[in-house]
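Per-entry structural report
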Amino acid sequence: MNKSHAVIVSFARTPISKFQGGLSHLTAPQLGAAAIKGAIARMSNDIGNKPKIVEAYLGNVLSAGVGQAPCRQAVLGAGLPENTICTTVNKVCASGMKSIMLAAQTIEANVHKTSDPIAVLAGGMESMSNTPHYLPTSRTGTNLGHAKLIDGIIHDGLWDPYGDVHMGNCAEKCAVEYNISREDQDRYAIESYSRARDAIESGAFDDEIVPVEGPKKRGKSNDPPDMISVDEEPISVNLEKLPKLRAAFQKDGTVTAGNASSINDGASAFILMGEEQAISLGLTPLARIVSYADAEGAPDQFTTAPASAVPIAVDRAGMTLQDIEYHEINEAFSVVALANSMIMNLDMNKVNVMGGAVSLGHPIGMSGARIVGTLYQVLKKSDATVGAASICNGGGGASAIVLERLN
């Protein structure tokens, strides 16, 4: 059977807001619905026809308190038909990217057995601001003494259950193993913020961001809410203070709140089709999903798992690392981008050229999808053709996609 490549025909994302910031009044599915609506609105052709979206995969990690079937909530919230098949994906930080991979597989395998033009939705969403605290003893009762609240963000998103340590401790281990200093990490973080700010000022993200309504104004119920259209994190940090921050995870450590990614809210959505079907419908494919791969290793070495996943994806594309013009490596920590670039011998001028999760923020269910969209923008604005996006995930894994720009 000849494989029909999946192509991206449209994508959009919300701005990324700070923790308890401008988007904290929205749940993850509400953010997802906003991104889906934006992606659908941006899908246009000369004929006016749009494909039927038959299935959806959306990443979401911190689902406690969100309600049943988060993907389903987002899809119906965006106004899609009730017969749309919905699956919520949790591969920790790689959830959004894995959703795109699953959508591509669905198209390539012609799972829906139809020659009619159809599309599959993919992406990711997270509201870390709305993640609850847990009270584990509430069901059995606390006979005497204090009851402990568990932070859902840390417990389900940022904690390594195998070594029973914060994932930041794994980043510290990576820094020691690859001899990456505090100064190296701070220098990288400052560069990430500088690149993100330059991208915002130049309007580089305008093509991917869909504005979202902010909260209602207190005491001004008749006034329309402000529209949030810019990522909040990059413009809110005093870079002069960054090198002075204390180590966050170990007393004499090198990883800080400044050179690690932040806690954020946001969502991203992609519409994928078979290449031939997209063209037949008069749509202009933006990029081709050439190949993809996952890799797994020791849980405490998740930080360098992208360096295992990327070569597999590149090999499946029939390419070498030298063929990849630009890389997006998710900046869970500055040390992640530095170590993986070191292992793969990458030109740092070709890695995360518009900033990354350290500066833009890291809504964990969204980021894997977000970096695929940003990679397309980088290729387009650089008049380049081939790029690779990769992201590590808790448990020792990583996912990677090789993307070919078509338009």
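Residues numbered from 1 in each chain as written. Predicted model: local features only at pLDDT ≥ 70, side-chain atom pairs only at ≥ 80, totals over all residues. Heavy atoms only, no water.

Here we look at the pairing of strand β4 (residues 85-89)
Taken together, the 5 bridges between strand β3 (residues 52-59) and β4 define a ladder with parallel strand orientation. Its bridge partner being in β4, Gly59 is matched across the sheet by Val89. Crossover β3 to β4 through helix α2 (residues 70-77) is right-handed. (Pairing = 2+ DSSP bridges. Helix = DSSP H or I, 4+ residues; strand = E, 2+ residues; numbered from the N terminus. Right-handed = clockwise from strand over helix to strand, strands pointing away.)

Notes on the side chain of Glu108
Checked against the element boundaries, Glu108 lands in helix α3 (residues 95-108). Residue Glu108 is classed as buried on the basis of its relative accessible area of 11%. (Buried < 20%, exposed > 50% of the residue type's maximum accessible area, 1.4 Å probe, protein only.)

Here we look at the layout of surface pockets
Gaps left between atoms show up when a probe the size of a water molecule is rolled over them. Approximately 470 Å³ is the volume attributed to the largest pocket. In this structure, the largest pocket is lined by 30 residues; those nearest its centre are Ala257, Ala260, Ser261, Ser262 and Ile263. When residues of the lining of the largest pocket are traced back to their parent elements, those giving at least two are α4 (152-158) and β15 (386-393). Its residues placed into classes, the lining of the largest pocket shows 19 nonpolar, 9 polar and 2 charged. (1 Å grid on protein atoms, 1.4 Å probe; cavity = no way out; pocket = protein on both sides within 12 Å on 5 of 7 lines; lining within 4 Å. Points joined across faces, edges and corners; volume = space filled by probe spheres on them. Nonpolar A, V, L, I, M, F, W, Y, C, P; charged D, E, K, R; others polar.)

Some details on the side chain of Thr14
Within the secondary structure, Thr14 is located in the loop between β1 (6-13) and β2 (17-18). Setting aside anything within four residues of it in sequence, one finds Thr14 in contact with Leu23, Leu31, Ala34, Ala35, Ile209, Val210, Val212, Gly266, Ala267 and Met366. (Contact = heavy atoms within 4.5 Å.)

Side note on the packing of helix α1 (residues 28-41) against α2
As a packed pair, α1 and α2 sit with axes 8 Å apart at the nearest point and diverge in direction by 45°. When the axis of α1 is compared with that of α2, the two are oblique. Regarding α1 and α2, the two cross each other, and that crossing is right-handed. Across from Pro29, Gly32, Ala33, Ile36 and Lys37 in α1, the residues of α2 making contact are Pro70, Gln73, Ala74, Val75 and Gly77. Residues of the contact of α1 with α2, tallied by class, amount to 6 nonpolar, 3 polar and 1 charged. (Axes fitted to C-alpha atoms, helices over the stretch in contact; angles between N-to-C directions. Parallel < 35°, antiparallel > 145°, perpendicular 65-115°, else oblique. Left-handed = near helix turned anticlockwise from the far one by under 90°.)

A closer look at the nonpolar core
The biggest cluster of nonpolar side chains holds 50 residues, and the ones touching the most others in it are Ile8, Ile100, Leu272, Ile289 and Val372. Non-local contacts of Ile100, meaning those with residues more than four positions away in its chain, are made with Ala122, Phe270, Leu272, Ile289, Ala369, Val372 and Ile401. Within the second largest apolar cluster, 38 residues are counted, among which are Ala309, Val310, Leu338 and Val402. (Core = buried A, V, L, I, M, F, W, Y, C linked by side-chain atoms within 4.5 Å.)

Re the packing of aromatic side chains
Scanning the entire structure with this criterion turns up 3 aromatic pairs. For the ring pair Phe11 and Tyr376, a centre distance of 5.8 Å and an interplane angle of 85° mean the geometry is edge-to-face. Taken together, the residues Phe11 in strand β1 and Tyr376 in helix α11 (residues 367-381) connect sequence positions 365 residues apart. A relative accessible area of 7% means that Phe11 is categorised as buried. On the basis of relative accessibility, which here comes to 5%, the residue Tyr376 falls in the buried class. (Phe/Tyr/Trp six-rings, centres within 6.5 Å; stacked < 30°, edge-to-face > 60°.)

Comments concerning the environment of Gln301
Its location among the elements puts Gln301 in the loop between β13 (287-296) and α8 (306-316). Residue class for Gln301 comes out partly exposed when judged on its relative accessible area of 35%. C-alpha separation for the pair Gln301 and Ala257, spaced 44 residues apart in sequence, amounts to 20 Å.

Structural notes on the state of the cysteines
One pass over the structure, following the stated rule, counts 0 disulfides. With no disulfide of its own, Cys86 has Cys71 as its nearest cysteine by sulfur position, at a separation of 4.4 Å. What makes Cys86 partly exposed here is its relative accessible area of 23%. Unpaired in this structure, Cys170 has its nearest cysteine sulfur neighbour in Cys174, at a distance of 9.7 Å. A relative accessible area of 3% places Cys170 in the buried class. (Disulfide = S-S within 2.5 Å.)

Here's the deal with the pairing of β3
The element β3 is largely enclosed, with a buried count of 7 among its 8 residues. One ladder, built from 7 bridges, connects β3 with strand β5 (residues 118-127); its direction is parallel. From the neighbouring strand, Leu58 faces β5, where its bridge partner is Gly123.

Concerning unusual backbone geometry
Although it is not a glycine, Gln20 sits at a positive phi angle of roughly 60°. Here Gln20 shows up in the loop between β2 and α1. Look at Val92: it is not a glycine, yet its phi comes out positive at around 50°. One can find Val92 in the loop between β4 and α3.

Quick word on the pattern of salt bridges
The tally for this structure, following the rule as stated, stands at 13 salt bridges. Measuring nitrogen to oxygen at the nearest pair gives 3.7 Å for the salt bridge that ties Lys18 to Glu233. Within this pair, whereas Lys18 is found in strand β2, its partner Glu233 is found in the loop between β11 (227-228) and β12 (264-274), the two being separated by 215 residues in sequence. The class for Lys18 is partly exposed, based on a relative accessible area of 29%. Relative accessible area serves as the criterion here: at 6%, Glu233 is assigned to the buried category. Among the salt bridges present, the one from Asp300 reaches Lys173, with a minimum N-O distance of 2.5 Å. Placement of the pair is Asp300 in the loop between β13 and α8 and Lys173 in helix α5 (residues 167-177), with a sequence separation of 127 residues. (Salt bridge = Lys/Arg side-chain N within 4 Å of Asp/Glu carboxyl O.)

Details of α8
Of all the residues in α8, the buried ones are Pro306, Ala307, Ala309, Val310, Ala313 and Val314. Angularly, the buried residues of α8 cover 160° about the axis, an arc narrow enough to put them on a single face. Along α8, the residues that are exposed and aim more than 90 degrees away from the buried face are Asp315 and Arg316. At its buried positions, α8 is contacted by β13, β14 (326-329), α9 (334-344), β15 and β16 (397-405). (Arc of directions from axis to C-beta.)

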